[in-house]
Amino acid sequence: MDAALVELQSQLERYLSERLQSPATVQNLRSLSGGACQDNYLIDVDIQGGPEAGSHRLVLRTDKGAALLASLSRADEYRVAEAAFDAGVKTPRPYWLETTREAIGRPFYFMQRIGGRATGRYVVKDRELAKVRPQLAADLAANLARLHSITPQNASANLKQSLGEGPAPRGNSIALDACSIMRQSLDGLPDAYPSLELALNWMESRAPGTEQPALVHGDFRTGNFMISPDGLQGIVDWEFAHWGDRHEDISWLCLRDWRFGKNNKEVGGFADRDEFYRAYQQSSGIAVDPERVRFWEIMGNLRWAVGSAQQAERHLSGKDRGIELAAIGRRTGEMEYEILRLIENAESS
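Remember, it's a predicted structure, so these values are computed and weren't measured experimentally. (Residues numbered from 1 in each chain as written. Predicted model: local features only at pLDDT ≥ 70, side-chain atom pairs only at ≥ 80, totals over all residues. Heavy atoms only, no water.)

**Focus on the sheet that holds strand E4 (residues 94–98)**
Okay, so step 1: As summarised here, the arrangement of the five strands in space is E1-E2-E3-E5-E4, forming an open sheet in which the pairing is antiparallel. This sheet does not close on itself; its edge strands, each paired only once, are strand E1 (24–32) and E4. Between one strand axis and the next, the sheet turns by 25° as a mean value, whatever way the strands run.
Okay, so step 2: As judged from the ten bridges shared by strand E2 (residues 38–47) and strand E3 (residues 54–63), these two strands associate in the antiparallel manner. (Pairing = 2+ DSSP bridges. Helix = DSSP H or I, 4+ residues; strand = E, 2+ residues; numbered from the N terminus. Axes fitted to C-alpha atoms, helices over the stretch in contact; angles between N-to-C directions.)

Here you go:
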């Protein structure tokens, strides 16, 4: 273990022992691949007394220097994960939020470690999932319905502290607010993207009115839920959660980019749209509006296109050089093509 991990392990042992008022031992600390918003570490914690006594196999999540559009802090992400867990969503239980920098130099929390894998190609193609893959649509729809049952009206005080009392949409449209945010993001790019401007103009003229706002995951897709041969193990990565239109989550799972080569299965590369829509309606009691899904699917591709352009710009500007950031920039053209294809289908239907 390198010196930085040794120091982190020592800091965490001191912190947990003080917080839990019981001796805590930290073992097997190792870094995982993180993301642009957080660092993750596998960690085993043994608590010798008190309500949490026992051995815990956990993941430590900490803030990172970079952040993406609309990403939550670890404190806000913790409160969202806590609300989802309490609502019965199959997600790792979150533990021990620390909002200050005193313990390890940045905010952090722990979460239950679960089994399974999230890799897209594993989820949509691996033979060992053949028996459970047909059940994924129903399982994910049921969990999404539980998540969307959380609204600004029934949310806890902790969740409202992080996400606010709920949106006050411009012109009674969350969709119009989303367009306004994307307009600002698009104007902030150093290069012009005429196809994205066209798409945004199209969406502004067709933005649907607001239904009952709900808690949406914000990145509900293949790659952000853990699957094993026993089925769905848990939904992860809550850093883009917000109050919004439930169709945002449904549409994001349908984006072509999250099918990992299984384009004939439009829902995540493993299910048909009608199948998933029916399962969601059965679990939630609310019908899915296909036209509203299409609007948010175009919006999702626009967000991804702008996001990939922003990440490439981090590299090109010299602010945060990295081959991964540079490579992500090529995805912008793929999203532009998909946006225009969806708009053409909408105009011809």
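**Side note on the pairing of strand E8 (residues 231–235)**
Okay, so step 1: E8 sits mainly inside the fold: four of its five residues count as buried.
Okay, so step 2: Where strand E7 (residues 225–228) lies against E8, four bridges are found, and the strand directions are antiparallel. By the bridge assignment, Ile227 is partnered in E8 with Leu232. (Buried < 20%, exposed > 50% of the residue type's maximum accessible area, 1.4 Å probe, protein only.)

**Here we look at the packing of aromatic side chains**
Okay, so step 1: In the structure shown here, the tally under the stated rule is ten aromatic pairs.
Okay, so step 2: Consider the rings of Tyr15 and Phe108, whose centres lie 5.1 Å apart with planes at 75°: the pair is edge-to-face. Of the two residues, Tyr15 sits in helix H1 (residues 3–20) while Phe108 sits in strand E5 (residues 108–112), which places them 93 residues apart along the sequence. Assigned by exposure class, Tyr15 and Phe108 land together as buried.
Okay, so step 3: For the pair Trp258 and Trp304, a centre-to-centre distance of 5.9 Å together with 25° between the ring planes defines the contact as stacked. With a gap of 46 residues between them, Trp258 in the loop between helix H8 (246–254) and helix H9 (273–284) and Trp304 in helix H10 (residues 290–316) connect regions that are remote in the sequence.
Okay, so step 4: Relative accessible area serves as the criterion here: at 8%, Trp258 is assigned to the buried category.
Okay, so step 5: The structure contains a cluster of three or more aromatic residues connected by ring pairs, namely Tyr15, Tyr95, Trp96, Phe108 and Phe110.
Okay, so step 6: Against the face of Tyr122 rests Arg117, its NZ or CZ located 3.9 Å from the ring centre. (Phe/Tyr/Trp six-rings, centres within 6.5 Å; stacked < 30°, edge-to-face > 60°. Lys NZ or Arg CZ within 6 Å of the ring centre and 35° of its normal.)

**Some points on the side chain of His56**
Okay, so step 1: Here His56 lies in strand E3.
Okay, so step 2: Here Glu52 takes part through its backbone oxygen, which lies 2.7 Å from a polar atom of the side chain of His56.
Okay, so step 3: The contact partners of His56, leaving out residues within four places of it in the chain, are Ile43, Asp44, Val45, Ile47, Tyr95 and Trp96. (Polar contact = N/O pair within 3.5 Å; in protein donor to acceptor, adjacent residues only side chain to side chain. Contact = heavy atoms within 4.5 Å.)

**What to know about the nonpolar core**
Okay, so step 1: Ranked by internal contacts, the top residues of the largest apolar core, which has 43 residues, are Leu159, Leu215, Phe225, Phe270 and Phe276.
Okay, so step 2: Of all elements in the fold, only helix H2 (74–86), helix H3 (120–125), helix H4 (136–148), helix H5 (157–163), E7, E8, H8 and H9 reach the threshold of two or more residues within this core.
Okay, so step 3: No other element matches H4, which puts seven residues into this core.
Okay, so step 4: Excluding its chain neighbours within four sequence positions, the residues that come into contact with Phe276 are Ala137, Leu140, Ala141, Leu144, Ile250, Leu253 and Val267.
Okay, so step 5: One finds Ala199, Leu200, Val306 and Ile339 within the second-largest nonpolar core, a separate group that totals 31 residues. (Core = buried A, V, L, I, M, F, W, Y, C linked by side-chain atoms within 4.5 Å.)

**Observations regarding the pattern of salt bridges**
Okay, so step 1: One pass over the structure, following the stated rule, counts 25 salt bridges.
Okay, so step 2: Between Glu266 and Arg273 there is a salt bridge, with its nearest N and O atoms 2.9 Å apart.
Okay, so step 3: Among the salt bridges present, the one from Arg330 reaches Glu334, with a minimum N-O distance of 3.1 Å.
Okay, so step 4: For Glu334, a relative accessible area of 34% puts it in the partly exposed group.
Okay, so step 5: Through salt bridges with shared partners, a single network forms among Arg61, Arg74, Glu77, Asp237 and Glu239. (Salt bridge = Lys/Arg side-chain N within 4 Å of Asp/Glu carboxyl O.)

**Considering the packing of helix H6 (residues 174–187) against H10**
Okay, so step 1: Viewed as axis vectors pointing N to C, H6 and H10 meet at an angle of 20°, and their least axial separation amounts to 11 Å. With respect to H10, the element H6 is oriented roughly parallel. When the axes of H6 and H10 are compared, the crossing they make is left-handed. Residue-level contacts link Ile174, Ala175, Ala178, Cys179, Met182, Ser185 and Leu186 of H6 to Phe295, Trp296, Met299, Leu302, Arg303, Val306 and Gln310 of H10.
Okay, so step 2: Split by residue class, the contact of H6 with H10 holds eleven nonpolar, two polar and one charged. (Parallel < 35°, antiparallel > 145°, perpendicular 65-115°, else oblique. Left-handed = near helix turned anticlockwise from the far one by under 90°. Nonpolar A, V, L, I, M, F, W, Y, C, P; charged D, E, K, R; others polar.)

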